[in-house]
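Coordinate analysis (summary)
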Amino acid sequence: MRSTEELVRDHEVILGVLDGLEARLRAVQSGGTLDPGYVREAVAFSQGFVDRCHHGKEERCLFPCLERRGVPREGGPIGVMLAEHEMGRQLVRGIADAVDRYEAGRGDLGEVVDLAWKYVELLRAHIAKENEVLFPMGEAVLQASDDADVGRCYDGVEHQQGAGEHQRLTQLAERLSRPS
Ligand SMILES: [Fe+2]
Ligand SMILES: [Fe+2]
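Below or above, wherever it landed, is the structure these notes cover.

Put simply, the ideal angle at a metal is 109.5 degrees for four donors in tetrahedral geometry and 90 or 180 degrees for six donors in octahedral geometry. Every protein donor of the iron ion (ligand 1) is accounted for by Glu-58 (OE), His-85 (NE2), His-126 (NE2) and Glu-130 (OE), and the metal-donor separations fall at 2.0 to 2.2 Å. Each of the four donor atoms around the iron ion (ligand 1) contributes to a set of angles spanning 86 to 177 degrees, which defines the coordination as irregular. When the donor residues of the iron ion (ligand 1) are listed from N- to C-terminus, their spacing reads E-x26-H-x40-H-x3-E. Separating the iron ion (ligand 1) from the iron ion (ligand 2) is a gap of 3.2 Å, which Glu-58 spans by donating to each of them. Taken as a pair, Glu-58 in helix α2 (residues 36–68) and His-126 in helix α4 (residues 109–141) lie far apart in primary sequence, 68 residues in all. Of the two residues examined, Glu-58 and His-126, each falls in the buried class.

Printed below as a string of structure tokens:
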């Protein structure tokens with residue numbers, strides 16, 4: 001089903017960037033430094049690809065459809081996923097602010113690294129829950145007609161990002177995923 005397959009493919013792109021970010025964080029922990037430019041690009045990827053595009057598709061297309069098919073929101077898996085999206089947004093804002101302070105000489109690198117680790121861990125666990133729990137649950141309740149509707153909704157979310165934006169962010173992901 002496209003409804004979940006497209007999101008699983010997005011997850012693979014996101015996990016690649018998290019691996020690239022982890023490599024930079026480990027380098028800092030072994031005494032290296034961190035390129036603020038890399039962190040800024042990772043923030044841009046998180047805000048554009050992860051949040052506006054991918055979470056947009058989940059929050060505006062897939063999750064409402066799952067709710068209509070009986071998957072609970074409050075006190076259920078969708079509510080947990082939405083809360084984690086919000087935690088991710090707050091962490092990314094925190095990382096952006098911490099990089100600003102670091103570059104202005106008012107903050108330390110440890111703060112950036114700490115928040116970035118939290119983000120890597122949050123998102124990896126979040127993706128695992130979607131891939132292993134929520135999406136299989138969705139596959140079991142979605143109908144063929146839902147799949148077509150959700151697919152059209154995804155196209156609408158991507159269209160709203162503007163022409164070429166998805167491709168630009170995918171290329172950015174390739175760059176950020178490289179080990180160094
Ligand atoms: Fe999600
Ligand atoms: Fe997701």
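The next thing to look at is the pattern of salt bridges. Going through the model one piece at a time under the given rule, you end up with 23 salt bridges. Residue Lys-129 pairs with Glu-84 through a salt bridge whose shortest N-O separation is 2.4 Å. Of the two residues, Lys-129 sits in helix α4 while Glu-84 sits in helix α3 (residues 77–103), which places them 45 residues apart along the sequence. The class for Glu-84 is buried, based on a relative accessible area of 11%. Notably, a salt bridge pairs Arg-152 with Asp-149, separated by 2.6 Å at the nearest N-O pair.

Before going further, it helps to examine the coordination of the iron ion (ligand 2). Of the protein atoms, only His-11 (NE2), His-54 (NE2), Glu-58 (OE) and Glu-130 (OE) coordinate the iron ion (ligand 2), at distances of 2.0 to 2.2 Å. In this structure, the iron ion (ligand 2) is coordinated by four donor atoms arranged in irregular fashion, with angles at the metal of 83 to 167 degrees. Along the chain, the residues donating to the iron ion (ligand 2) are arranged with the sequence spacing H-x42-H-x3-E-x71-E.

For the structure on display, the rule yields one aromatic pair. Seen from their ring centres, Phe-45 and Phe-49 are 5.1 Å apart, and the 10 degrees between their planes marks the pair as stacked. Pair noted here: Phe-45 and Phe-49 are both in helix α2, with a separation of four residues, about one helical turn. Like Phe-49, Phe-45 is buried. Residue placement shows Lys-57 over the ring face of Tyr-154; its charged tip is 5.6 Å from the ring centre.

Every α-helix carries 3.6 residues per turn, so stepping three or four residues along brings you back to the same face. A rise of 1.5 Å per residue sets the reference length of α3, with its 27 residues, at 39 Å; its end C-alpha atoms lie 39 Å apart and thus fit the reference within 8%. Within α3 the residues assigned to the buried category are Ile-78, Met-81, Leu-82, Glu-84, His-85, Gly-88, Leu-91, Val-92, Gly-94, Ile-95, Ala-98 and Val-99. Here the buried face of α3 lies against α2 and α4. Two residues or fewer after α3 comes Gly-105, characterised by a positive phi angle close to 80 degrees.

Quick look at the nonpolar core now. Across soluble globular proteins, nonpolar side chains show a tendency to be buried alongside one another. Formed by 34 residues in total, the largest nonpolar core has its most connected members in Ile-14, Phe-45, Ile-95 and Tyr-119. Elements supplying a minimum of two residues to this core: α1 (2–29), α2, α3, α4 and α6 (165–177). No other element matches the 11 residues that α4 contributes to this core. Each residue touching Ile-95, except ones within four places of it in the same chain, is listed here: Val-39, Val-43, Leu-115, Ala-116 and Tyr-119.

Looking now at the state of the cysteines. The full count for this structure, using the stated rule, is one disulfide. Disulfide partner of Cys-61: Cys-153, at an S-S distance of 2.1 Å. Here the disulfide of Cys-61 and Cys-153 is left-handed, its torsion about the S-S bond being about -75 degrees. With Cys-61 in helix α2 and Cys-153 in helix α5 (residues 144–161), this residue pair connects regions lying 92 residues apart in the sequence. By relative accessible area, which is 25% here, Cys-153 ends up partly exposed. The thiol of Cys-53 is not disulfide-bonded; the next cysteine sulfur, from Cys-61, is found 9.7 Å away. A residue is classified by how much of its surface remains accessible, and Cys-53, at 3% relative accessible area, is buried. Between Cys-65, a cysteine without a disulfide, and Cys-153, which holds the nearest cysteine sulfur, the sulfur-to-sulfur distance is 9.1 Å.

Cut-offs used in this document
- Residues numbered from 1 in each chain as written.
- Chains lettered and ligands numbered in written order.
- Predicted model: local features only at pLDDT ≥ 70, side-chain atom pairs only at ≥ 80, totals over all residues.
- Heavy atoms only, no water.
- Donors = N, O, S within 2.8 Å, 3.2 Å for Na, K, Ca; no water.
- Tetrahedral: all angles 85-135°; square planar, octahedral: opposite > 155°, others 65-115°.
- Helix = DSSP H or I, 4+ residues; strand = E, 2+ residues; numbered from the N terminus.
- Buried < 20%, exposed > 50% of the residue type's maximum accessible area, 1.4 Å probe, protein only.
- Salt bridge = Lys/Arg side-chain N within 4 Å of Asp/Glu carboxyl O.
- Phe/Tyr/Trp six-rings, centres within 6.5 Å; stacked < 30°, edge-to-face > 60°.
- Lys NZ or Arg CZ within 6 Å of the ring centre and 35° of its normal.
- Expected span 1.5 Å × (residues − 1).
- Contact = heavy atoms within 4.5 Å.
- Core = buried A, V, L, I, M, F, W, Y, C linked by side-chain atoms within 4.5 Å.
- Disulfide = S-S within 2.5 Å.

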